[in-house]
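# Tertiary structure, described
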Amino acid sequence: MEEASKTHPNKAIDVKHTYQDGNIVITHSLVTRQDPQASRIAVVHIFKFRDGRIVELWDLGQEIAKDSPNENGPF
């Protein structure tokens, strides 16, 4: 995640939901980039922990369409 922050530094991540089941933690977040023309992105990160450290990380994201007919949004 530090590497991603270095290559794409002008963004903010707002964690909307966090879930835990044993050693698995999932976050559902909104990523907003500094460029006002850039789409916002809904992101899910899945972390696997062992001995208090992250040992695996998966993520997926989807741009949020500005003209989406979904009134409730992704959150």
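The structure this text deals with has already been given above.
All values derive from a computational prediction rather than experimental measurement. (Residues numbered from 1 in each chain as written. Predicted model: local features only at pLDDT ≥ 70, side-chain atom pairs only at ≥ 80, totals over all residues. Heavy atoms only, no water.)

## A closer look at the sheet that holds strand β3 (residues 41-50)
Backbone-to-backbone hydrogen bonds pair the strands of a sheet. The strands run either parallel or antiparallel. With antiparallel pairing, the 4 strands of this open sheet are ordered in space as β1-β2-β3-β4. In the strand order of this sheet, the two ends are held by β1 (11-21) and β4 (53-63), each with one partner. Adjacent strand axes in the sheet meet at a mean angle of 20 degrees, parallel and antiparallel pairs treated alike. With 8 bridges connecting them, strand β2 (residues 24-33) and β3 associate as antiparallel partners. Within β3, the residue paired with Ile-26 across the bridge is Ile-46. (Pairing = 2+ DSSP bridges. Helix = DSSP H or I, 4+ residues; strand = E, 2+ residues; numbered from the N terminus. Axes fitted to C-alpha atoms, helices over the stretch in contact; angles between N-to-C directions.)

## Examining unusual backbone geometry
Trans peptide bonds make up most of the peptide bonds, and negative phi angles are found at most residues other than glycine. You will see that Asp-51, though not glycine, has its phi angle at about 55 degrees, which is positive. Here Asp-51 shows up in the loop between β3 and β4. Looking at Asp-51, the relative accessible area reads 76%, which means it is exposed. (Buried < 20%, exposed > 50% of the residue type's maximum accessible area, 1.4 Å probe, protein only.)

## Describing the pairing of β1
Across 10 bridges, the pairing between β1 and β2 is antiparallel. Looking at β2, one finds that Asp-14 is bridged to Leu-30.

## Some points on the environment of Lys-16
Structurally, the position occupied by Lys-16 is in strand β1. Using a relative accessible area of 37% as the deciding quantity, one classes Lys-16 as partly exposed. For Lys-16 and Thr-27, which are 11 residues apart along the polypeptide, the C-alpha to C-alpha distance reads 7.5 Å. Residues contacting Lys-16, with those up to four places away along its chain left out, are His-28, Ser-29, Leu-30 and Phe-75. Here Asp-14 takes part through its side chain, which lies 2.9 Å from a polar atom of the side chain of Lys-16. (Contact = heavy atoms within 4.5 Å. Polar contact = N/O pair within 3.5 Å; in protein donor to acceptor, adjacent residues only side chain to side chain.)

These figures capture arrangement, not role.
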